[in-house]
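# Fold and contact review
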Amino acid sequence: MSILKLERLTRESFAPFGDVIEIGNRDWFPINGGTTRRYHDQARVQVTGDDGQGGISMARGDAFEFPLSINMLERHPLGSQAWIPVNGTPFIAVVAPNGVNDLPDETGIRAFYVEGVQGVNYHQGTWHHPLMSLGRTGDFIVIDRIGTAPNCDERTLQQPRIVDGSFEVGSADISLSGP
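### Looking at the overall build of the protein chain
Helix and strand counts for the protein chain come out as 1 helix and 15 strands. For the C-alpha atoms alone, the extent of the protein chain along its principal axes is close to 55 × 45 × 30 Å. Within the protein chain, buried positions represent 43% of all 179 residues. Across the protein chain, every contact between residues at least 6 apart in sequence was considered, and the portion connecting residues at least 24 apart equals 82%. Carbon and sulfur atoms make up 50% of the accessible area of the protein chain, which totals about 9400 Å².

Next comes the structure, spelled out in structure tokens:
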């Protein structure tokens, strides 16, 4: 099995797959008489299909520990999907570009450590692994397409991967202890 090293989640590194939702190092403007800072337009909700609409849901994800086995990926061809932690739980985002025959490009699989103060918005059609809350149960706001048309493709990987919890060179400044 191949080992996936973790990467630090940044807007630049995650851009091919989606958006990073966070307050740190982002522009803001005051609202509500100056009592609130609005960090505006962090991600765009993508919705296609005749009966689709944007929806807001909540999810509770089980706790995972390293090593993590990655045997499959999924994607949502009719809309984006955002995951935003509400209880500070970090999670792992495993993603891959689209490849030949509309399948995941397994040579481009990457694993990102998402701090508990960050969220991700997977772009429409981005291959990703289902939620993996790290170390404890995580509560999340989910913003995605709601509708009756099928919107989840799943594919088993030809070569399973393991995320062992180690970081790529230059990303080791992240603490895995959580909040």
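### Considering the sheet that holds strand β14 (residues 138-146)
Here we have 5 strands laid out as an open sheet, ordered β2-β11-β8-β14-β5, and antiparallel in their pairing. At either margin of the open sheet sits one strand with a lone partner, and together these are β2 (18-21) and β5 (53-61). Taken pair by pair, the neighbouring strands of this sheet meet at an average axis angle of 15°, ignoring direction. Relative to strand β11 (residues 119-122), β2 is paired through 4 bridges, and the arrangement is antiparallel. Counterpart to aspartate 19 in the pairing with β11 is asparagine 121.

### Quick word on the nonpolar core
By size, the foremost hydrophobic cluster in this structure holds 17 residues, and its most contacted members are Ile70, Leu73, Ile92, Val94, Ile109 and Val163. At the level of elements, β1 (2-8), β7 (68-75), β9 (91-96), β10 (110-114) and β15 (153-167) are the ones that each hand at least two residues to this core. Core analysis: the next-biggest nonpolar cluster, separate from the first, contains 14 residues, Phe14, Val20, Phe112 and Phe140 among them.

### Topic: the packing of aromatic side chains
Under the defined criterion, the tally for this structure stands at 7 aromatic pairs. Each ring, one from phenylalanine 91 and one from phenylalanine 140, has its centre 5.2 Å from the other, and the planes form 90°; the classification is edge-to-face. With phenylalanine 91 in strand β9 and phenylalanine 140 in strand β14, the pair connects residues that are 49 residues apart, well separated along the chain. Comparing phenylalanine 91 with phenylalanine 140 shows no difference in burial state: the two are buried. Every member of this aromatic cluster is reached through a ring pair, and the members are Phe14, Phe17, Phe112 and Tyr122.

How each quantity is defined
- Residues numbered from 1 in each chain as written.
- Predicted model: local features only at pLDDT ≥ 70, side-chain atom pairs only at ≥ 80, totals over all residues.
- Heavy atoms only, no water.
- Helix = DSSP H or I, 4+ residues; strand = E, 2+ residues; numbered from the N terminus.
- Buried < 20%, exposed > 50% of the residue type's maximum accessible area, 1.4 Å probe, protein only.
- Contact = heavy atoms within 4.5 Å.
- Areas by Shrake-Rupley, 256 points an atom, 1.4 Å probe, with all protein chains shown as cover.
- Pairing = 2+ DSSP bridges.
- Axes fitted to C-alpha atoms, helices over the stretch in contact; angles between N-to-C directions.
- Core = buried A, V, L, I, M, F, W, Y, C linked by side-chain atoms within 4.5 Å.
- Phe/Tyr/Trp six-rings, centres within 6.5 Å; stacked < 30°, edge-to-face > 60°.

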